[in-house]
Amino acid sequence: MTTTTTPPAARWGLPLGLGAFLLWGAMPLYFPLLEPAGAVEIIAHRVVWSLVFCVALLAVTRTLTSFTAVFRRPRTLGVLTVAAVLIVANWVTYVYAVLSEHVLDAALGYYINPLVTVLLGVVALRERLRPAQWVAIGFGAAAVVVISTGVGGLPWISLALAFSFGAYSLTKNRVGRTVGALPSLAVETTVATPFALAYLAWLTATGASTFSQEGVAHALLLVSAGVVTGVPLLLFGAAARRLPLSVVGMLQYLTPTLQFLVGLLLFGEHMPPARWVGFGLVWVALVILTADGARAARATRMAAVAAGATAAGRVD
């Protein structure tokens, strides 16, 4: 009789995944520490110092060739350039949301994101949705309508975050098998760094830069944006290689949930009845989407097992 045990490396999958999503969820506590820098200045520093962090780590791990090789593949570089534009737009919107006390809107955006990703699959990839997926999207659309009518306008921050990150994920999916997470982020920040440096130079020339005017502690906090960006990405990449996709999919809801709790309990943001109803509709949509995804994955596994058994029977 033989027994199977989980390999030591695989046991780290869940802690690594939890670490990544909890760090992302705690981001609203970090960005206010960077004030009085504005959202665009913060993101400019985030881009520059993320590139420094990524390149340093690639050098330490002796994997710089995976980064430089991308620049010899115009098609891949073009895709990652689009990804860079999308992720910078997402970052600016998110930091603006945090600094302007709209953390709950940011949380809603990342709750909506899985629904947007499914919808983009229909529009961009011509995927056919199962009935349950259409029902989930319907609940999500109803949530936007309820919140829009209840608070007097579209939740544009939520929608901007959901669609920018959904489009970013769709774009990255085209190169995900050929470029790893770390070199990919390095390329994206390389593309964005000239613009970030130009903006920071303009702030310095006009006397509006906070980097050298608010003390050493403030400057170090801005520099730390590179580590804050890179560490959860590395944790996520390591977890994704060790965990089933279904587990990763469930863990992703930790981030908006923690953001929601931070905005509601720590920052005291207002939650009128319409917003509660809207969030409730989104949560129902996510339960439907998750249950349908689990059922579809189980059916796929059973079909694969049956096909394998049939093939084995034919061989016998």
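The shown structure was predicted, so the numbers you read here are calculated from the model rather than taken from an experiment.

Description of the packing of helix α7 (residues 103-125) against helix α9 (residues 156-173)
In step 1: Running from N to C, α7 and α9 cross one another at 45°; their axes reach a closest spacing of 7 Å. Relative to α9, the element α7 lies oblique. In this structure, α7 meets α9 at a crossing whose hand is right-handed. Mapping the contact onto sequence places Asp105, Ala106, Leu108, Gly109, Tyr110, Ile112, Asn113, Val116, Thr117, Leu120, Ala124 and Leu125 in α7 and Ile157, Ser158, Leu161, Ala162, Phe163, Phe165, Gly166, Ala167 and Leu170 in α9.
In step 2: Grouping the amino acids of the contact of α7 with α9 by side-chain chemistry returns 15 nonpolar, five polar and one charged.

A closer look at unusual backbone geometry
In step 1: Residues Glu35 and Pro36 are joined by a peptide bond in cis, for which omega reads 15°.
In step 2: Position of Pro36 relative to the elements: it lies in the loop between α3 (27-30) and α4 (39-60).
In step 3: A positive phi angle is found at Arg62, which is not glycine, with a value near 55°.
In step 4: Topologically, Arg62 is positioned in the loop between α4 and α5 (64-68).

Some thoughts on the packing of aromatic side chains
Aromatic ring pairs are reported here in terms of the distance separating the ring centres and the angle at which the planes meet.
In step 1: Applying the stated criterion across every chain, the model contains 17 aromatic pairs.
In step 2: When the centroid spacing of 5.7 Å and the interplanar angle of 85° are considered together, the rings of Phe21 and Phe236 count as edge-to-face. Of the two residues, Phe21 sits in helix α2 (residues 13-25) while Phe236 sits in helix α12 (residues 225-240), which places them 215 residues apart along the sequence.
In step 3: Given a relative accessible area of 7%, Phe21 falls into the buried group.
In step 4: Note on Phe236: relative accessible area 26%, which makes it partly exposed.
In step 5: Following the ring pairs from residue to residue traces out a cluster consisting of Tyr30, Phe31, Tyr94, Tyr110, Phe165 and Tyr168.
In step 6: For the cation-ring pair, Arg46 lies above Trp91, with the distance from its terminal atom to the ring centre recorded as 4.1 Å.

Some points on the confidence of the model for the protein
In step 1: Mean pLDDT over the protein works out to 87, with 92% of the residues at or above the 70 mark.
In step 2: At the low end of the mean pLDDT range in the protein sits helix α1 (residues 8-11), at 61; at the high end sits helix α11 (residues 216-223), at 96.

Some words on the pattern of salt bridges
In step 1: The final tally for this structure, using the stated rule, is four salt bridges.
In step 2: Among the salt bridges present, the one from Glu188 reaches Lys172, with a minimum N-O distance of 3.1 Å. Of this pair, Glu188 sits in helix α10 (residues 181-206) while Lys172 sits in helix α9; the two residues are 16 residues apart in sequence, bridging distant segments of the chain. Just as Glu188 is buried, Lys172 falls in that class too.
In step 3: The partner of Arg295 in a salt bridge is Asp292, with the nearest N and O atoms 3.4 Å apart. Note that Arg295 and Asp292 are positioned in helix α15 (residues 273-315) at a spacing of three residues, about one turn of the helix.
In step 4: Note on Arg295: relative accessible area 45%, which makes it partly exposed.
In step 5: The network of salt bridges with common partners includes Arg130, Asp292 and Arg295.

Rules used throughout
Residues numbered from 1 in each chain as written. Predicted model: local features only at pLDDT ≥ 70, side-chain atom pairs only at ≥ 80, totals over all residues. Heavy atoms only, no water. Axes fitted to C-alpha atoms, helices over the stretch in contact; angles between N-to-C directions. Helix = DSSP H or I, 4+ residues; strand = E, 2+ residues; numbered from the N terminus. Parallel < 35°, antiparallel > 145°, perpendicular 65-115°, else oblique. Left-handed = near helix turned anticlockwise from the far one by under 90°. Contact = heavy atoms within 4.5 Å. Nonpolar A, V, L, I, M, F, W, Y, C, P; charged D, E, K, R; others polar. Phe/Tyr/Trp six-rings, centres within 6.5 Å; stacked < 30°, edge-to-face > 60°. Buried < 20%, exposed > 50% of the residue type's maximum accessible area, 1.4 Å probe, protein only. Lys NZ or Arg CZ within 6 Å of the ring centre and 35° of its normal. pLDDT = per-residue confidence, 0-100. Salt bridge = Lys/Arg side-chain N within 4 Å of Asp/Glu carboxyl O.

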